[in-house]
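# Working through the structure, step by step
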Amino acid sequence: MSEPATLELISDNISEEEVIFPPGDILSDEPPLESDLHRDQIDLLIRILKLWWRERQDFYASGNLTVYYSPNQKKSEYFRGPDFFVVLGTQKKDRKSWVVWQEDGKYPNVIVEILSSSTTAVDKGLKKQVYQDTFRTPDYFWFHPVTMELQGFHLVDGKYQEIQVTTDGRLWSQQLELYLGVYEGKLRFFTTENQLILSSEELAEQERLRADQAEERAQQAEQKLARLREVLRTQGIDLENI
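Residue positions are given per chain, counting from 1 as you read along its sequence in written order. Local features in a predicted model are, by the rule used here, given only for residues with pLDDT of at least 70; side-chain atom pairs are given and counted only at 80 or more, and totals for whole chains, interfaces and linings are based on all residues. Excluded from the side-chain calculations are hydrogens and water; all other atoms, namely the structure's heavy atoms, are used.

Right, let's talk about unusual backbone geometry for a bit. Phi is positive for Arg136, close to 55 degrees, though the residue is something other than glycine. Looking at where Arg136 falls in the secondary structure, it is placed in the loop between helix H3 (126–135) and strand E7 (139–143). For each residue, the accessible area found with a 1.4 Å probe, counting protein chains only, is set against the maximum for its type, and the residue is called buried under 20%, exposed over 50%, and partly exposed in between. Given a relative accessible area of 29%, Arg136 falls into the partly exposed group. Positive phi values are uncommon outside glycine, yet Glu184 reaches one of about 50 degrees. Put simply, DSSP H or I for four residues or longer makes a helix, DSSP E for two residues or longer makes a strand, and each gets a number counted from the N terminus. Looking at where Glu184 falls in the secondary structure, it is placed in the loop between strand E11 (178–183) and strand E12 (186–190).

Structure representation (structure tokens):
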């Protein structure tokens, strides 16, 4: 399994006076999302993964958040804003951005870009190159919420190799140990048993259906008992006296 690259040390020929050390909390600098489809898709991935890993404290999942990775520790150079990303082996806490030099040199282990007409070329070209050569992100995926195009890559010997699609049309993420696939027009996570990982809303609906079914079964049992009592009464048998 490939590991993401760590931040390279600052060159010895750069003096301490030349290096700009930003404050601890650097705000994200990402533009507004292109459409409701993009916002909803990113939010869905974040919420579902956090719910699925709710007992874990060793990861960070976010989206449309700036990743600052300047070797000179400058906010003004070398930054990208993945639509969805996951960092493993880190503290689970809220952040205003992901600042590599403040996070033990860690880069995202998984990145998903949500394609659009204005970003497709960059996501498939420049960003893919950066994620491969600089971030060394092991798993990179892109998904188009309109055309349903889904493609994934895994880092092998420093180069992205395309992940083979399963017969169900899904892609395996070694880092997440989950499948990614399209379900009802959305990019979703699936378990190793190919079970859809449900959102909180879907879990609540599932519980509501179970409660409704249990109530319906109870009503049917009561009706059946009432019919039985009526039949016995016509035969002169009173269950209350037995």
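Bringing helix H1 (residues 36–52) into the picture now. To estimate how far a helix should reach, multiply one less than its number of residues by 1.5 Å. Taking 1.5 Å per residue as the helical rise, H1 with its 17 residues ought to reach 24 Å, and the 24 Å between its terminal C-alpha atoms agrees with that figure. Along H1, the residues that are buried comprise His38, Gln41, Ile42, Leu44, Leu45, Ile46, Ile48 and Leu49.

Bringing the sheet that holds strand E5 (residues 98–99) into the picture now. Strand pairing is assigned whenever DSSP detects at least two bridges linking the two strands. Taken together, three strands build an open sheet; the order of strands is E3-E2-E5 and the sheet is mixed. The open sheet has two free edges, formed respectively by strand E3 (79–80) and E5, since each of these has just one partner strand. Both strand E2 (residues 67–68) and E3 contribute to a ladder of two bridges, which runs antiparallel. Across the sheet, Val67 pairs through a bridge with Arg80, a residue of E3.

Moving on: the pairing of strand E6 (residues 110–114). E6 sits mainly inside the fold: five of its five residues count as buried. Here E6 shows a buried face lined by Val110, Val112 and Ile114 and a second buried face lined by Ile111 and Glu113. Taken together, the three bridges between strand E4 (residues 84–88) and E6 define a ladder with antiparallel strand orientation. By the bridge assignment for E6, Phe84 is matched with Val112.

Let's shift gears to the nonpolar core. Joining through side-chain atoms within 4.5 Å is the link that ties buried Ala, Val, Leu, Ile, Met, Phe, Trp, Tyr and Cys residues into a set, and such a set is a nonpolar core. Judged by nonpolar contacts, the single largest core of 26 residues is most densely connected at Leu49, Phe84, Val86, Val112, Leu176 and Phe189. For this core, the secondary structure elements donating two or more residues are H1, strand E1 (59–62), E4, E6, E7, E11 and E12. A total of six residues in this core trace back to one element, the largest contributor, which is H1. Look past the residues within four positions of Phe189 in its chain and what remains in contact with it is Leu45, Ile48, Leu49, Phe84, Leu176, Leu178, Tyr179, Leu180, Gln195, Leu196 and Ile197. One finds Tyr60, Tyr69, Phe85 and Tyr131 within the second-largest nonpolar core, a separate group that totals 19 residues. We call two residues in contact whenever any of their non-hydrogen atoms come within 4.5 Å of each other.

Before going further, it helps to spend a moment on the side chain of Arg95. Considering the arrangement of structural elements, one finds Arg95 in the loop between E4 and E5. Any N or O atom pair separated by 3.5 Å or less is treated as a polar contact, with the protein-specific requirement of one donor-capable and one acceptor-capable atom, and with residues adjacent in sequence counted only for side-chain atom pairs. Reaching out from Arg95, the side chain makes a polar contact with the backbone oxygen of Lys93 at a distance of 3.1 Å. At 2.7 Å, the side chain of Arg95 and the side chain of Glu103 are in polar contact. If sequence neighbours within four positions are ignored, Arg95 has contacts with Tyr60, Thr90 and Glu103.

A carboxyl oxygen of Asp or Glu within 4 Å of a side-chain nitrogen of Lys or Arg is what we treat as a salt bridge. Tallied over the entire structure, the rule returns 10 salt bridges. With a closest N to O distance of 2.7 Å, Arg95 and Glu103 form a salt bridge. Residue classification places Glu103 among the buried positions, given a relative accessible area of 13%. Two residues, Lys127 and Glu113, come together in a salt bridge whose shortest N-O distance is 3.3 Å. Residue Lys127 is located in helix H3, and its partner Glu113 is located in strand E6; the two are separated by 14 residues in the primary sequence. Glu113 shares its class with Lys127; the two are buried. A single salt-bridge network, built from bridges that share partners, covers Asp36, Arg39 and Asp40.

Geometry only, nothing functional implied.
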